[in-house]
Amino acid sequence: MDKYYVYRPMLDLIGFTEGTDKGNAYNETLAYGAYTGGDVNLVSMTLAELDALQTRMLKHPKNALNSSACGRYQIVRTTARNIRKDLPSRYPATRKFDKDCQDEMACYLLGQRGIDKYLAGRLSEDTLIDNLAKEWASLPTTAGKGHYGGQHAAVTTLKVRSALAEVKRRHAEGQPVEKVEVPVPVEKPIVPEKVEKEVRQKTNWLSGIFGGGFFGGGFAAWFAGIDKDVLILILIVAAIVIAGVLFAGEWIVRRVKSIRREIEA
């Protein structure tokens with residue numbers, strides 16, 4: 001879940017206007033590494049290491065801008081130091097300047113410029129826009145140009161108003177609740193024991209016949225009048241058929257039991 005969901009539209013706009021999103025975003029430095037000897041891994045640095053890097057940037061002989069902007073939101077050394085001074089327990093020197101830290105610092109700066117007062121209805125949108133242009137030179141004032149002389153705004157004022165409208169909408173709706181999928185237990189089907197009994201009963205019908213029904217009573221007299229060789233042949237065929245049926249019945253019973261064990265496992 002995005003902790004900065006409400007402010008994300010403005011954070012994304014700043015990442016765009018500062019030009020960092022087209023580079024290494026959270027690892028981007030002023031002029032795309034021109035004053036740091038190339039790309040650096042800012043997100044793995046502590047705030048103390050960041051301060052040292054920004055000091056070296058300011059001392060770079062070709063840094064005519066005299067800037068030490070670092071990270072997705074191009075936070076300069078003076079600003080980083082002021083944040084650490086205001087909130088020392090939250091931003092100790094050992095804290096990493098990672099994505100979360102940078103997002104949090106940017107939200108702190110948005111708050112310093114009045115975004116929370118704006119959301120509470122205590123600050124006009126125009127005043128907030130002009131305030132934000134002072135913090136990030138790439139954002140326009142209500143006049144449509146950069147706050148600082150010679151600074152070109154990267155987007156129109158309308159674009160800022162659109163982002164603020166989305167921030168306001170999200171603030172009104174609140175932080176979305178993360179949905180957690182709870183697995184629903186499904187009861188395993190169980191083969192009733194009576195199924196085994198029914199299978200056994202239905203497959204043993206021939207044995208009942210063979211035991212007395214079919215070969216008892218009048219049938220015995222009928223067989224007595226048949227030629228001995230024919231009778232033997234009939235008995236052999238009948239025995240083979242009955243044995244096959246009984247074997248199939250026992251196999252079905254064993255298979256049912258096996259299925260029950262698999263389902264109950």
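Residues numbered from 1 in each chain as written. Predicted model: local features only at pLDDT ≥ 70, side-chain atom pairs only at ≥ 80, totals over all residues. Heavy atoms only, no water.

Enquirer: Would you mind going over the side chain of asparagine 131 in detail, with residue names and values included?
Expert: Examined against the element boundaries, asparagine 131 turns out to sit in helix α6 (residues 125-135). In this structure, asparagine 131 is in contact with Arg113 and Leu123, ignoring residues within four places of it in sequence. (Helix = DSSP H or I, 4+ residues; strand = E, 2+ residues; numbered from the N terminus. Contact = heavy atoms within 4.5 Å.)

Enquirer: Please give an account of a nonpolar patch on the surface that cites residues and values.
Expert: A contiguous nonpolar patch, built from Ile232, Ile236 and Ile240 and spanning about 280 Å² of accessible area, is present on the exposed surface. Checked against the element boundaries, isoleucine 236 lands in helix α11 (residues 228-264). (Patch = residues over 30% accessible without salt bridge, like charges linked within 9 Å, V, L, I, M, F, W, Y side chains within 5 Å. Areas by Shrake-Rupley, 256 points an atom, 1.4 Å probe, with all protein chains shown as cover. Salt bridge = Lys/Arg side-chain N within 4 Å of Asp/Glu carboxyl O.)

Enquirer: Lay out the packing of helix α1 (residues 8-17) against helix α7 (residues 157-173) with the relevant residues and their values.
Expert: Between α1 and α7, whose axes approach to 7 Å, the crossing angle comes to 155 degrees. Taken together, the axes of α1 and α7 lie roughly antiparallel to each other. Mapping the contact onto sequence places Arg8, Pro9, Met10 and Leu13 in α1 and Lys159, Val160, Ala163, Leu164, Glu166, Val167 and Arg170 in α7. When the residues that make up the contact of α1 with α7 are grouped by side-chain class, the tally is seven nonpolar, no polar and four charged. (Axes fitted to C-alpha atoms, helices over the stretch in contact; angles between N-to-C directions. Parallel < 35°, antiparallel > 145°, perpendicular 65-115°, else oblique. Nonpolar A, V, L, I, M, F, W, Y, C, P; charged D, E, K, R; others polar.)

Enquirer: How would you summarise the nonpolar core if you had to cite specific residues and measurements?
Expert: By size, the foremost hydrophobic cluster in this structure holds 47 residues, and its most contacted members are Met10, Leu110 and Ile115. Mapped onto this core, the elements with two or more residues apiece are α1, α2 (47-59), α3 (77-86), α4 (99-112), α5 (115-119), α6 and α7. When residues of this core are assigned to their parent elements, the largest contribution, seven residues, is made by α4. (Core = buried A, V, L, I, M, F, W, Y, C linked by side-chain atoms within 4.5 Å. Buried < 20%, exposed > 50% of the residue type's maximum accessible area, 1.4 Å probe, protein only.)

Enquirer: An account of the pattern of salt bridges is needed here, citing residue identities and associated values.
Expert: All chains considered together, the criterion is met by 15 salt bridges. Residue arginine 8 is joined to aspartate 2 by a salt bridge in which the shortest nitrogen-to-oxygen separation is 2.9 Å. The salt bridge partner of glutamate 173 is arginine 169, with a shortest N-O separation of 2.8 Å. Of the two residues, glutamate 173 and arginine 169 both sit in helix α7, four residues apart, roughly one turn of that helix. What emerges from the salt-bridge pattern is a single network uniting Lys3, Arg90, Arg95, Asp100 and Glu104.

Enquirer: Just give me the short version of the side chain of threonine 46, but keep the residues and values in it.
Expert: Here threonine 46 shows up in the loop between α1 and α2. Judged by its relative accessible area of 16%, threonine 46 falls in the buried class.

Enquirer: Before we move on, could you go through the packing of aromatic side chains and cite the residues and values that matter?
Expert: What describes a pair of aromatic rings is the distance from one ring centre to the other and the angle between the planes of the rings. Summed over all chains, the structure comprises one aromatic pair. Note on tyrosine 26 and tyrosine 73: the rings are 6.2 Å apart at their centroids and 85 degrees apart in plane angle, and the pair reads as edge-to-face. One end of the pair, tyrosine 26, is in the loop between α1 and α2; the other, tyrosine 73, is in the loop between α2 and α3, with 47 residues separating them in the sequence. You'll find tyrosine 26 and tyrosine 73 in the same group, each marked buried. (Phe/Tyr/Trp six-rings, centres within 6.5 Å; stacked < 30°, edge-to-face > 60°.)

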